[in-house]
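# Analysis of the macromolecular model
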Amino acid sequence: MVRMADNRIIAALDVHTLDDMKRLVYKLGDSVSFYKVGMELFYSAGPDTVRWLKAEGKQVFLDLKIHDIPNTAAQAVRALTGLGADLMTLHGSGGSAMLKAAAVAAADEARRLSVIRPKLLAVTVLTSIDADEWKKLGHTNSISQSVLTMAGAAKAAGMDGTVSSPHEAAEIRRLNGSDFLIVTPGIRPSFAQSDDQKRITTPKEAVQNGATHLVVGRPITKAADPQEAARAIAEEIREV
């Protein structure tokens, strides 16, 4: 029996063109229902990436990590809300005023367009940064302390969740409660290489730690059999 795609798994579309994106989505078929459109694809192929995925019945995580003064960030969110993405990101380090302005803009624009408001996520600390790099950047608090501070501020500002390492997921869950979304990159199943990610876990560990969604790129998209890779990850977290 073929199982339905697990919508906790978000496959990263790290390609340059609309045609490449379509080929990959068709190749994955019904094994994936949720896709990440990040900077690489969106800046190359534009809003039609999101529109096409939604027309195909897919869920979309639009990961552009908006980071600017509050008014500019709010207007960016307003402009993107009509595309229909399910999740959108801003950098948590942009501060509470920026996050609050974005939350208001998303809600206002969704009401104006009579569409479902995208869930907004605050990016905490990138999973490519480890403790040594964090210290070199001048931070005195640990990564985990900084992530928790940002996660608490994000919820207070009206964010629906965070994008955080699975290493911090359990503490964020305890801090922000059961309804808070925790989207975790840095997911590497046992059959995959770590590549440039440093703070990583397996899919099962991430979900056990409290993650609601797992962003998986190369372990799925570069696999010899992408559908089988996606289904193997889904099977790993099925009972969690």
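Residues numbered from 1 in each chain as written. Predicted model: local features only at pLDDT ≥ 70, side-chain atom pairs only at ≥ 80, totals over all residues. Heavy atoms only, no water.

Bringing the nonpolar core into the picture now. With 48 residues, the main nonpolar core has Leu13, Leu53, Leu62, Leu90 and Leu120 as its most contacted residues. If one sorts the elements of this core by residue count, helix α5 (residues 96-113) sits on top with five residues. Setting aside residues up to four positions removed in sequence, Leu13 forms contacts with Met21, Leu24, Val25, Tyr35, Lys36, Val37, Leu41 and Leu53. (Core = buried A, V, L, I, M, F, W, Y, C linked by side-chain atoms within 4.5 Å. Buried < 20%, exposed > 50% of the residue type's maximum accessible area, 1.4 Å probe, protein only. Helix = DSSP H or I, 4+ residues; strand = E, 2+ residues; numbered from the N terminus. Contact = heavy atoms within 4.5 Å.)

Here Thr49 shows up in helix α3 (residues 48-55). Overall, Thr49 belongs to the buried group, its relative accessible area being 0%. Only 2.7 Å separates the side chain of Thr49 from the backbone oxygen of Gly46, close enough to count as a polar contact. (Polar contact = N/O pair within 3.5 Å; in protein donor to acceptor, adjacent residues only side chain to side chain.)

Let's shift gears to the side chain of Ser165. If you trace the backbone, Ser165 turns up in the loop between β6 (161-163) and α8 (169-176). By relative accessible area, which is 0% here, Ser165 ends up buried. Only 3.0 Å separates the side chain of Ser165 from the backbone nitrogen of His167, close enough to count as a polar contact.

Reading around the circumference, β1-β2-β3-β4-β5-β6-β7-β8 is the order of the eight strands in this closed barrel, with parallel pairing throughout. Pairs of neighbouring strands in the sheet enclose a mean axial angle of 25°, with direction left out of account. Helix-sheet contacts for α3 involve β2 (34-38) and β3 (59-66), and the interaxial angle to β3 is about 160°. Packed onto the sheet, helix α11 (residues 226-237) meets β1 (9-12) and β8 (213-216) and runs at close to 155° relative to β1. (Pairing = 2+ DSSP bridges. Axes fitted to C-alpha atoms, helices over the stretch in contact; angles between N-to-C directions.)

With that settled, consider the pairing of β1. Burial along β1 is two-sided: the residues Ile9 and Ala11 and Ile10 and Ala12 are all buried. In this sheet, β8 lies alongside β1 in parallel orientation, the contact comprising three bridges. Bridge pairing in β8 links Ile9 to Leu214. By the bridge criterion, three bridges tie β1 to β2 in an arrangement that is parallel. Looking across to β2, one finds that Ile10 is bridged to Phe34. What joins β1 to β2 is helix α1 (residues 18-28), and the crossover it makes is right-handed. (Right-handed = clockwise from strand over helix to strand, strands pointing away.)

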